[in-house]
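# Results of the structural survey
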Amino acid sequence: MARPPAGSTRLVTAEFPIDATITAQALRHALMCERRVWLDAHADSALRDPPAPEALRLYALGSQHEAAIHAATVPEIEPVAIASWEEGVAVTRDLMRRGVAGILGACLEARTPLDLTDTVYTLRGRVDRLVRVWHDGEAVYSPVEIKQRNHPEDADWLQLDLYVWLLSLIQGTPPPAELWLGADELGRPRWRLAHDYDEDRLMAAALRAGHLLTSAPEPPVRIEPHCATCHWLASCQGVARRERRIDLLYGVSRTTRANLEAAGIRHLEDVVARSPEALQAIKGIGPKTAPRIRANAQAWLENRPVWLDALPAVCRQPGWMFDLETWEVRGRTVPWCMGWCDGDGQTLIALVAPVQLPETLALPDGQTVILAPDSDAAWEVFAQAVSEDHRPIFHWSGYDAAILRGSAPAHVTAQLMPRLHDLNATLKRVISLPLKSTSIKPVSTHLGFAWPGYQDWFAAYLDYRHWLETGSLEALARACLYQRADVQSMALVWRWLVDHAPPGPP
Ligand code: SF4
């Protein structure tokens, strides 16, 4: 605060140092998207989306995995109740002073300037596990970060950098650290990777995050696959739409988008202004993708479907709509549920269940399901049901065909495979819609399908597991409603394509 000269009438504002908190999560997010960190700090939190199902699923799976690893590797856990973050920091310090063998969910925090400004930053992180180890002749606490996946990410090392730095302030020396990945058959970590502490990497990341929290201008929207789990997605999509950014285009990778921008193509109208031939001059865009990208830009600008090609004859005839849900059984991905319907939406569902032979079950909402003892039997039920004709079997993306090839009995694969038709691949080839994605949910919703219940496969899976454990038919009905909606939404898309496609060649 500058002191005014004596006798001055100038008003003075006390300028306290800014206090910004940099969490381990913010460091991770900043590596992925600086805009997210900036919005978290500066935007109205009421504008955030509700948690995306995918984000909830990843969080639940991560927590389950961490708990399972602790259960498999810690002989005895003594819970300590904490009511606030501050109390967690104090309790962690106290437990470290007492020299306990390990601390799960340790709370670490330090306040520090990071540069020559007045800003004081609070750096904090909650460590999955602190373990007391001998290192260079003394006992120190070493942080462990636990992840379900089998491959490390840059953000994992950065997170451990932060924990090591925070612990070095307490212990006087940087401790060793480990990243535990995956799980083996006994529930222990599959990989234990040693961390290589890099203080420069941490300080550079912390400064960047601190700048975003305090003074940086709003970073631009960059719609990427990871945006699916971000609570700012609706806001960012709104910005992308308002600014007609090429981020809205589907099937354009991050590299190709950078190449487009390098060629001066930043907005949808820039794409439409180029011919497909001119677009092909850009690295990453080929003769097949150029017309699709241009049509997608046109669809967005004119808010209408843009046809690229005739609907194949096979899609103009009635067929079966087919979809499945899978789980892992002894290392194999096999269906636990499959659903199919005709073009009018008449649906049947086959489910793997604890039965000896296939049997029928009526659900409270009237849906009939066929219970089958295993996935082979479920495949047989489906093959039998569609054997009354030779109509095409429409499905959405290559996943269903891959699961058929990889899990069905050979004679069922031979019977069904020639009839499968990927309606998603056909849609991408013949038409472009003003959408960022060609998944069945956005496409069918755009074309008028009202999704009943939830739209999350994992929620359906959890309801199915709940039914297996408790026998709750309400839970099973919810899971089957999801499966039914998947095939009925496909029927609506198929019908819409047939009704709206321009006449094809005779
Ligand atoms: S939606 Fe995407 S671009 Fe927007 S803040 Fe989130 S991660 Fe960043």
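A brief structural summary. Predicted model only: the values in this text are computed from it and were never measured.

### Observations concerning the overall build of the protein
Scanning the protein from terminus to terminus reveals 19 helices and 15 strands. If you line up the protein on its principal axes, its C-alpha atoms span 90 × 60 × 40 Å. Expressed as a percentage of its 506 residues, the buried residues of the protein come to 33%. Taking all contacts inside the protein whose residues are at least 6 apart in sequence as the whole, residues at least 24 apart take part in 63%.

### Remarks on the packing of helix α18 (residues 457–470) against helix α19 (residues 473–500)
Running from N to C, α18 and α19 cross one another at 145 degrees; their axes reach a closest spacing of 8 Å. As for the relative orientation of α18 and α19, their crossing is left-handed in sense. On the side of α18, the interface is formed by A460, D463, Y464, H466 and W467, while α19 contributes A475, L476, R478, A479, Y482 and Q483. Classifying every residue of the contact of α18 with α19 by side-chain character gives 7 nonpolar, 2 polar and 2 charged.

### Brief notes about unusual backbone geometry
Here R244, not a glycine, exhibits a phi torsion of approximately 50 degrees, which is positive. The residue R244 is located in the loop between α7 (233–242) and α8 (254–262) in this model. Overall, R244 belongs to the partly exposed group, with 17 C-beta atoms counted inside 10 Å. A positive phi angle, near 85 degrees, is found at S397, a position not held by glycine.

### Points about the site of the ligand
Inspection of the region around the ligand gives 13 residues, with C33, R36, C227, C230 and C236 positioned closest. Of all the elements, helix α2 (residues 34–42) adds the most residues to the shell around the ligand, at 3 residues. Split by residue class, the shell around the ligand holds 9 nonpolar, 1 polar and 3 charged.

### Points about the nonpolar core
Formed by 113 residues in total, the largest nonpolar core has its most connected members in L27, A209, M321, L351 and M490. Here this core gets 13 residues from one element, more than from any other, and that element is α19. Excluding anything up to four places from it in sequence, L351 contacts W336, C337, V369, L371, A372 and A378.

Basis of the calculations
Residues numbered from 1 in each chain as written. Predicted model: local features only at pLDDT ≥ 70, side-chain atom pairs only at ≥ 80, totals over all residues. Helix = DSSP H or I, 4+ residues; strand = E, 2+ residues; numbered from the N terminus. Buried ≥ 20, exposed ≤ 12 C-beta atoms within 10 Å, placed from the backbone. Contact = placed C-beta atoms within 7 Å. Axes fitted to C-alpha atoms, helices over the stretch in contact; angles between N-to-C directions. Left-handed = near helix turned anticlockwise from the far one by under 90°. Nonpolar A, V, L, I, M, F, W, Y, C, P; charged D, E, K, R; others polar. Near = placed C-beta within 6 Å. Core = buried A, V, L, I, M, F, W, Y, C linked by C-beta atoms within 7 Å.

No statement about biological role is implied by the geometric values presented.
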